[in-house]
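The residues making up each chain are set out below.
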Amino acid sequence: MKPVVELKDVHKRFGSNQVLKGVSFAIPKGEVVAIIGKSGSGKSTALRCIDRLEIIDSGTIHVCGHAVHDPGLDIRSLRKDVGIVFQSYNLFPHLTVEQNVTLALKAVKGQPTGQARVIAERTLRQVGLLEKAQAYPEQLSGGQQQRVAIARSLAMEPQVMLFDEVTSALDPQLTGEVLRVIEALAEGGMTMVLVTHEMDFAARLADTVIYMHEGRVWETGPGSMLQAPQTAELREFLSH
Ligand SMILES: Nc1ncnc2c1ncn2[C@@H]1O[C@H](COP(=O)(O)OP(=O)(O)OP(=O)(O)O)[C@@H](O)[C@H]1O
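Everything numeric here is computed off the predicted structure, so don't read it as measured data.

Asker: Even after reading the chapter, I still don't get the overall build of the protein chain, so can you show me in this structure?
Answerer: From N to C terminus, the protein chain includes eight helices and 10 strands. On C-alpha atoms alone, the protein chain measures out to a radius of gyration of 18 Å, which is about the 18 Å that the 2.2 N^0.38 rule sets for 240 residues. Considering only C-alpha atoms, the protein chain reaches an extent of 55 × 45 × 35 Å along its principal axes. Long-range pairs, those at least 24 residues apart, make up 62% of the contacts in the protein chain between residues at least 6 apart in sequence.

Asker: How should I be thinking about the site of the ligand in this particular structure?
Answerer: Contacts to the ligand come from F14, N17, V19, G37, S39, G40, S41, G42, K43, S44 and T45. Mapped by element, the contributors of at least two residues to the shell around the ligand are β2 (17-27) and α1 (43-50). By residue number, the principal contributor to the shell around the ligand is α1, which donates three residues. Partitioned by chemical class, the residues of the shell around the ligand number two nonpolar, eight polar and one charged.

Asker: So what exactly am I meant to see when it comes to the sheet that holds strand β4 (residues 58-63) here?
Answerer: Hydrogen bonding along the main chain pairs the strands of a sheet, whether they run parallel or antiparallel. Ordered by their spatial adjacency, four strands build an open sheet running β2-β1-β4-β5, and the pairing between neighbours is antiparallel. Of all strands in the sheet, those with a lone pairing partner are β2 and β5 (66-67), marking the two edges. Relative to β2, strand β1 (residues 5-14) runs antiparallel, the two sharing eight bridges. Bridging across to β2, R13 finds its partner in Q18.

Asker: Just to check I follow, could you spell out helix α4 (residues 113-126) for this structure?
Answerer: Each α-helix winds once per 3.6 residues, and so residues spaced three or four apart point in a common direction. Helix length check: α4 (14 residues) gives 20 Å between terminal C-alpha atoms against 20 Å at 1.5 Å per residue, within 8%. Taken together, the buried positions of α4 are A116, A120, T123 and L124. The buried residues of α4 occupy one face: seen down the axis, they fall within an arc of 100 degrees. Summarising the geometry of α4, the exposed residues directed more than 90 degrees from the buried face are G114 and V118. Looking at the buried residues of α4, the elements they touch are α3 (97-107) and α5 (142-155). Trailing α4 by a residue or two, G128 shows a phi angle of about 75 degrees, which is positive.

Asker: Teacher, can you tell me more about the nonpolar core here?
Answerer: What tends to happen in soluble globular proteins is that the nonpolar side chains get buried as a cluster. Grouped together as the largest cluster of nonpolar side chains are 63 residues, with contacts concentrated most on A34, I35, I50, V193 and L194. Apart from residues no more than four positions distant in its own chain, L194 is found in contact with V32, A34, I35, F163, I182, A202 and A206.

Asker: Quick question: what am I supposed to make of the environment of G189 here?
Answerer: For G189, the location among the structural elements is in the loop between α6 (172-187) and β8 (191-195). Judged by C-beta crowding, with 10 C-beta atoms within 10 Å, G189 ranks as exposed. It is 20 Å that separates the C-alpha atoms of G189 and I210, two residues lying 21 residues apart in sequence.

Asker: It is not clear to me how α5 should be interpreted in this structure. Could you clarify?
Answerer: Look at α5: 20 Å from first C-alpha to last across 14 residues, which is about the 20 Å you get at 1.5 Å a residue. α5 sits mainly inside the fold: 13 of its 14 residues count as buried. With its phi angle positive at about 55 degrees, E157 sits one or two positions after the end of α5.

Asker: Explanation requested: the confidence of the model for the protein chain in the structure shown.
Answerer: Atom-level detail of predicted coordinates should not be read off regions where pLDDT is low. Averaged over the protein chain, the pLDDT score is 90; the fraction of residues at 70 or greater is 91%. Below pLDDT 50 for its whole length, residues 222-227 participates in 13 contacts with residues either more than four positions away or in separate chains. Interface scoring of the predicted complex returns ipTM 0.96; its pTM is 0.91.

The rules behind these values
- Residues numbered from 1 in each chain as written.
- Predicted model: local features only at pLDDT ≥ 70, side-chain atom pairs only at ≥ 80, totals over all residues.
- Helix = DSSP H or I, 4+ residues; strand = E, 2+ residues; numbered from the N terminus.
- Rg over C-alpha atoms; globule rule 2.2 N^0.38 Å.
- Contact = placed C-beta atoms within 7 Å.
- Near = placed C-beta within 6 Å.
- Nonpolar A, V, L, I, M, F, W, Y, C, P; charged D, E, K, R; others polar.
- Pairing = 2+ DSSP bridges.
- Expected span 1.5 Å × (residues − 1).
- Buried ≥ 20, exposed ≤ 12 C-beta atoms within 10 Å, placed from the backbone.
- Arc of directions from axis to C-beta.
- Core = buried A, V, L, I, M, F, W, Y, C linked by C-beta atoms within 7 Å.
- pLDDT = per-residue confidence, 0-100.

Okay, structure coming up:
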């Protein structure tokens, strides 16, 4: 079976800064890949390239049958298949939780209000926040806001979910509640890419952990991190 996400020899630079230097990896359906590595190693850039938030210089990226590297890509159709959640929740402060979740459903998918509300109810229940449907973002904790952002993404029924350091702004207790939602998604068979600093979580949940260093990747299975070439460097990184 074809992988759901496949990067081959991806290069990307910003000006003279060569950020991705031949990144390749593939994710089969239902699997979770975690990308770890030092700040500035290119993790977020790699993730953003998958959703065409950055345009690559060379190489290929295929996601759910879309040739993401192709200048003629139908971006709207790609974005229907890919959900992305960032460190910042980006909720609309003047809209209720439910309205935040239904907005794109109505605007992008053309769902009628009634149908959109049914979907919002389902995804808010999924993230444990149905009782907050009529609350405004400012009335929620950071962890709850992040869970709303996840619900909003899930409402679009993506084939793949991308998470870019979604717990980095949260304290440990709130981090846990967000990670539990991601864990439940994994158990439900969602194909996911997580850029994370949560090493234990990555090692426990991911089918594959990718270690990124200066724009290159080393792929390891859970518990086998030390196969990476620059073992000493990786060991030092993991010890922090
Ligand atoms: N839009 C941009 N314009 C210019 N340089 C950028 C841009 N986005 C990222 N970079 C640079 O690319 C490099 C990799 O950044 P990236 O955010 O991918 O790293 P990261 O591994 O995700 O780091 P962190 O863990 O701190 O988020 C950095 O040197 C960064 O400054």
